[in-house]
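Per-entry structural report
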Amino acid sequence: MPRLILLRHGQSQWNLENRFTGWVDVDLTDRGEAEAAKAGALLAEAGFRPAVMFTSVLKRAQKTGAAALAAAGLGDTPVIADWRLNERHYGGLTGLNKAETAAKHGEDQVHIWRRSYDVPPPPLAPGGEYDFTTDPRYAGQPIPDTESLKTTLDRVAPYWEAEIAPRLKAGEDVLIAAHGNSLRAVVKLLFAVPDDKIVGVEIPTGNPLEITLDAGLKPTAARYLDADRAEALPVLP
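Presented here is a report on the structure given in the accompanying data block.

What follows is about the overall build of the protein. Check the secondary structure of the protein and you find 8 helices and 6 strands. Along its sequence from the N terminus, the protein presents helices and strands in the succession β-α-α-β-α-β-α-α-α-β-α-α-β-β. Over its C-alpha atoms the protein spans a radius of gyration of 17 Å, differing by no more than 12% from the 18 Å that the globule rule assigns to 237 residues. Each principal axis of the C-alpha atoms in the protein carries an extent, and together these give about 50 × 40 × 35 Å. Expressed as a percentage of the 237 residues in the protein, the buried residues total 52%. For the protein, the distance from the average position of its 26 positive side-chain charges to the average position of its 32 negative side-chain charges is 1 Å.

This next bit is on the layout of surface pockets. Size it by volume and the largest pocket reaches roughly 510 Å³. Together, 26 residues line the largest pocket, and Arg-8, Asn-15, Lys-98, Arg-114 and Glu-202 are the ones closest to its centre. Secondary-structure elements contributing two or more residues to the lining of the largest pocket are α1 (13-16), α5 (107-115) and α7 (180-191). The element that contributes the greatest number of residues to the lining of the largest pocket is α7, accounting for 3 residues. Split by residue class, the lining of the largest pocket holds 5 nonpolar, 10 polar and 11 charged. There is about 150 Å³ of room inside the second largest pocket.

Turning next to the pattern of salt bridges. Here the structure, examined in full by the defined rule, presents 16 salt bridges. Arg-3 is the partner of Glu-210 in a salt bridge, and the nearest nitrogen-oxygen pair spans 2.6 Å. Taken together, the positions of Glu-210 in strand β5 (residues 209-213) and Arg-3 in strand β1 (residues 3-8) put the pair 207 residues apart, joining distant regions of the chain. Arg-3 carries the same exposure label as Glu-210, and that label is buried. Taking the shortest distance from any N to any O, the salt bridge between Lys-150 and Asp-154 comes out at 3.5 Å. Of this pair, Lys-150 and Asp-154 both sit in helix α6 (residues 149-169), 4 residues apart, which is roughly one turn of that helix. Residue class for Asp-154 comes out partly exposed when judged on its relative accessible area of 42%. Salt bridges sharing partners connect three or more residues here, namely Arg-3, Asp-173, Glu-210 and Arg-223.

Turning our attention to the packing of aromatic side chains. Per the stated rule, a full pass over the model turns up 6 aromatic pairs. Pairing Phe-20 with Tyr-90 gives two aromatic rings, centres 5.3 Å apart and planes at 50°, and the pair type is tilted. With a gap of 70 residues between them, Phe-20 in the loop between α1 and α2 (30-45) and Tyr-90 in the loop between β3 (79-81) and α4 (98-105) connect regions that are remote in the sequence. In this structure Tyr-90 comes out as buried when scored by relative accessible area, which is 11%. Centroid distance Trp-23 to Tyr-138: 4.9 Å. Interplanar angle 35°. Geometry classified as tilted. Of this pair, Trp-23 sits in the loop between α1 and α2 while Tyr-138 sits in the loop between α5 and α6, placing them 115 residues apart in sequence. Given the relative accessible area of 1%, Trp-23 is considered buried. The ring of Trp-14 carries Arg-19 above its face, with NZ or CZ at 3.8 Å from the centroid.

Here we come to α7. The end-to-end C-alpha separation of α7 is 16 Å, in line with the 16 Å expected for 12 residues at 1.5 Å each. Counting buried positions along α7 gives 11 out of 12 residues, so the element sits mostly inside the fold. Of all the positions in α7, only Gly-180, Asn-181, Ser-182, Leu-183, Arg-184, Ala-185, Val-186, Val-187, Lys-188, Leu-190 and Phe-191 are classed as buried. Immediately downstream of α7, the backbone of Ala-192 shows phi near 50°, a positive value.

The rules behind the values
Residues numbered from 1 in each chain as written. Predicted model: local features only at pLDDT ≥ 70, side-chain atom pairs only at ≥ 80, totals over all residues. Heavy atoms only, no water. Helix = DSSP H or I, 4+ residues; strand = E, 2+ residues; numbered from the N terminus. Rg over C-alpha atoms; globule rule 2.2 N^0.38 Å. Buried < 20%, exposed > 50% of the residue type's maximum accessible area, 1.4 Å probe, protein only. Lys, Arg positive; Asp, Glu negative; His and termini not counted. Charge placed at Lys NZ, Arg CZ, Asp CG, Glu CD. 1 Å grid on protein atoms, 1.4 Å probe; cavity = no way out; pocket = protein on both sides within 12 Å on 5 of 7 lines; lining within 4 Å. Points joined across faces, edges and corners; volume = space filled by probe spheres on them. Nonpolar A, V, L, I, M, F, W, Y, C, P; charged D, E, K, R; others polar. Salt bridge = Lys/Arg side-chain N within 4 Å of Asp/Glu carboxyl O. Phe/Tyr/Trp six-rings, centres within 6.5 Å; stacked < 30°, edge-to-face > 60°. Lys NZ or Arg CZ within 6 Å of the ring centre and 35° of its normal. Expected span 1.5 Å × (residues − 1).

Okay, structure coming up:
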C-alpha cells in the first residue's frame, strides 16, 4: 500500500510579515528552515523513503523539501518541480499586508477572498511588480491573474492525475512539498471534501501529513507525524 506525505513549506518571510504571498518567490525564515529540518527527522522516524519528491517552482517549497530529505538522509531522492503545484495566485492582493487589507476593504470582504471556495480576489494588474507573465519559469503557460481555491484545484487535479497518481498506483511512496492551497486541493481530491468544508481544512507548516492509500488511491489512514501540533484531519471517505 503506497504512502503519500504532504509537506507544507516552513514559515516564509512573508508569512512572518503577514503578507499575501501567492506566487512571489520569497525565502524561508530561520524558523521555516528549522521546521523543514524537523520534518526530515520525522520522516526518518516514520521510516519513509519516497521514490520521488514533487514540488512547486517556488523556493520556499523546494528548500523545505530538500532540507527535509537531507535531514532524513534521503538527499539523493529524485525531485520534480512544476508550477502547477504553486501556491494559489492571490491576484491584486499579492504583496499586501493582510491586516491593512482588512482595514481597507473590511474583514468580511477579505474573509470571502481568502476563504470562499470559488470567489477569487481582484485580478492582478498587468505590468506591475508582481506580473509573472515574463518569468521564464512560466513561458508558454496559461498564467492566471488571480485564483480561487476552485481554480487552483483546476490546475492541480490534471497534474495529479497525469504525473503523481501513476507513481502511487505503481506502489511508490511519494512526497509532495508544496503550499497550503495546492496541498488543500490534493486533500480535497483524495478525501472528497465538500466545497463548503475544504476552506476550513488547515495544513500546518512543516508538519508532514502521512496518508496511506489503497490500490485505488483511496485513503485508508492518515496522521500528522508531529502529533503535538496537528490540525484536525480530513474525514476518511
